[in-house]
Amino acid sequence: MDWDLKYGELANDKEYVNKCEDLKENLMDLQKVLDKLLPLKQHYEKMSLPAQIELDLFLAFTLNSLQWVTLRIQGVDPTTHPIKDELLRVKAAMLKWKEVKDRVKRPTVDLQAVKRFIRSGLYDPFRAMGNPAHLKIIEVMEED
């Protein structure tokens, strides 16, 4: 792609030229990233499922963001365009994927420790009266 921009009469408007140059640099950086990632699609089937999901999410978000930028450049309000809903859908999918990935990092619960905490926290009338636990059985048998 030819990145040499000809501004013509607008060359005197420094603010416009600076914004266009910034946009050009950002698009060049994006093209470098996409040039590295798009060949990965050839090896897509060999990739692990998490890598496939991350690549799909990245490409979907990138392409939708580029569509957003294109609409802005054309003077169309992207907030009223269906691309807004698509971007929100992709963002929601990214958040859901992040939750799934973070599930592995969550601390696990030691069930035996939880049972001990609950058992020791429950009220025991025999312990409150100072009777040993082995006398519970004897006292219950005597009541019958």
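Residues numbered from 1 in each chain as written. Predicted model: local features only at pLDDT ≥ 70, side-chain atom pairs only at ≥ 80, totals over all residues. Heavy atoms only, no water.

Asker: Where do I start with the overall build of the protein chain in this structure?
Answerer: In terms of helices and strands, the protein chain carries six helices and zero strands. Scanning the protein chain from its N terminus toward the C terminus, one meets helices and strands in the order α-α-α-α-α-α. When each of the 144 residues of the protein chain is scored for burial, the buried share is 15%. The long-range share in the protein chain, meaning contacts at least 24 apart out of those at least 6 apart in sequence, stands at 37%. Entry remark: accessible area of the protein chain is about 12000 Å², with carbon and sulfur atoms responsible for 59%. (Helix = DSSP H or I, 4+ residues; strand = E, 2+ residues; numbered from the N terminus. Buried < 20%, exposed > 50% of the residue type's maximum accessible area, 1.4 Å probe, protein only. Contact = heavy atoms within 4.5 Å. Areas by Shrake-Rupley, 256 points an atom, 1.4 Å probe, with all protein chains shown as cover.)

Asker: In this structure, what is going on with the pattern of salt bridges? I would like to understand it.
Answerer: Two side chains that carry opposite charge are able to pair once their charged atoms sit near each other. All chains considered together, the criterion is met by five salt bridges. Taking the shortest distance from any N to any O, the salt bridge between E15 and K19 comes out at 3.4 Å. Note that E15 and K19 are positioned in helix α1 (residues 14–37) at a spacing of four residues, about one turn of the helix. A single burial state applies to E15 and to K19, both of which are exposed. (Salt bridge = Lys/Arg side-chain N within 4 Å of Asp/Glu carboxyl O.)

Asker: Can you walk me through the side chain of Q52 in this structure?
Answerer: Within the secondary structure layout, Q52 lies in helix α2 (residues 49–73). We classify Q52 as buried; its relative accessible area is 13%. A polar contact of 3.4 Å, which involves the side chain of Q52, links it to the backbone oxygen of M47. Among all residues touching Q52, those that are not within four sequence positions of it are Y44, E45 and M47. (Polar contact = N/O pair within 3.5 Å; in protein donor to acceptor, adjacent residues only side chain to side chain.)

Asker: It is not clear to me how the confidence of the model for the protein chain should be interpreted in this structure. Could you clarify?
Answerer: The predicted coordinates ought not to be read in detail in places where the model reports low pLDDT. Here the protein chain averages 81 in pLDDT, while 82% of its residues score no lower than 70. Taking the mean pLDDT of every element in the protein chain, the minimum, 55, falls on helix α6 (residues 134–143) and the maximum, 92, on helix α3 (residues 83–103). (pLDDT = per-residue confidence, 0-100.)

Asker: How should the packing of α2 against α3 be read in this particular structure?
Answerer: The relative placement of two packed helices comes down to the angle between their axes together with the axis-to-axis distance. As a packed pair, α2 and α3 sit with axes 10 Å apart at the nearest point and diverge in direction by 155°. Put simply, α2 runs roughly antiparallel to α3. α2 and α3 meet at a crossing whose hand is left-handed. Touching P50, I53, E54, L57, A60, F61, N64, S65, Q67, W68 and L71 of α2 are I83, K84, E86, L87, V90, K91, A93, M94, W97 and K101, all from α3. (Axes fitted to C-alpha atoms, helices over the stretch in contact; angles between N-to-C directions. Parallel < 35°, antiparallel > 145°, perpendicular 65-115°, else oblique. Left-handed = near helix turned anticlockwise from the far one by under 90°.)

Asker: Just checking my understanding: could you explain a nonpolar patch on the surface for this structure?
Answerer: Among the surface-exposed residues, V109, L111, V114, F117 and I118 lie close enough to one another that they form a single nonpolar patch of about 530 Å² accessible area. Looking at the secondary structure, you find V109 in the loop between α3 and α4 (111–121). (Patch = residues over 30% accessible without salt bridge, like charges linked within 9 Å, V, L, I, M, F, W, Y side chains within 5 Å.)

Asker: Please explain the packing of α1 against α2 as it appears in this structure.
Answerer: Direction vectors running N to C along α1 and α2 enclose 155°, while the axes themselves pass 12 Å from each other. Regarding the angle of α1 to α2, the classification is roughly antiparallel. Like other packed secondary-structure pairs, α1 and α2 cross with a definite hand, here left-handed. Along the contact surface, α1 presents L23, L27, L30, V33, L34 and L37, while α2 presents L55, F58, L59, T62, L66, V69 and I73. Here the residues of the contact of α1 with α2 sort into 12 nonpolar, one polar and no charged. (Nonpolar A, V, L, I, M, F, W, Y, C, P; charged D, E, K, R; others polar.)

Asker: Would you mind going over α1 with me for this structure?
Answerer: Between its first and last C-alpha, α1 extends 35 Å over 24 residues, near the 34 Å set by a 1.5 Å rise per residue. Listed as buried for α1 are V17, C20, K24 and L34. (Expected span 1.5 Å × (residues − 1).)

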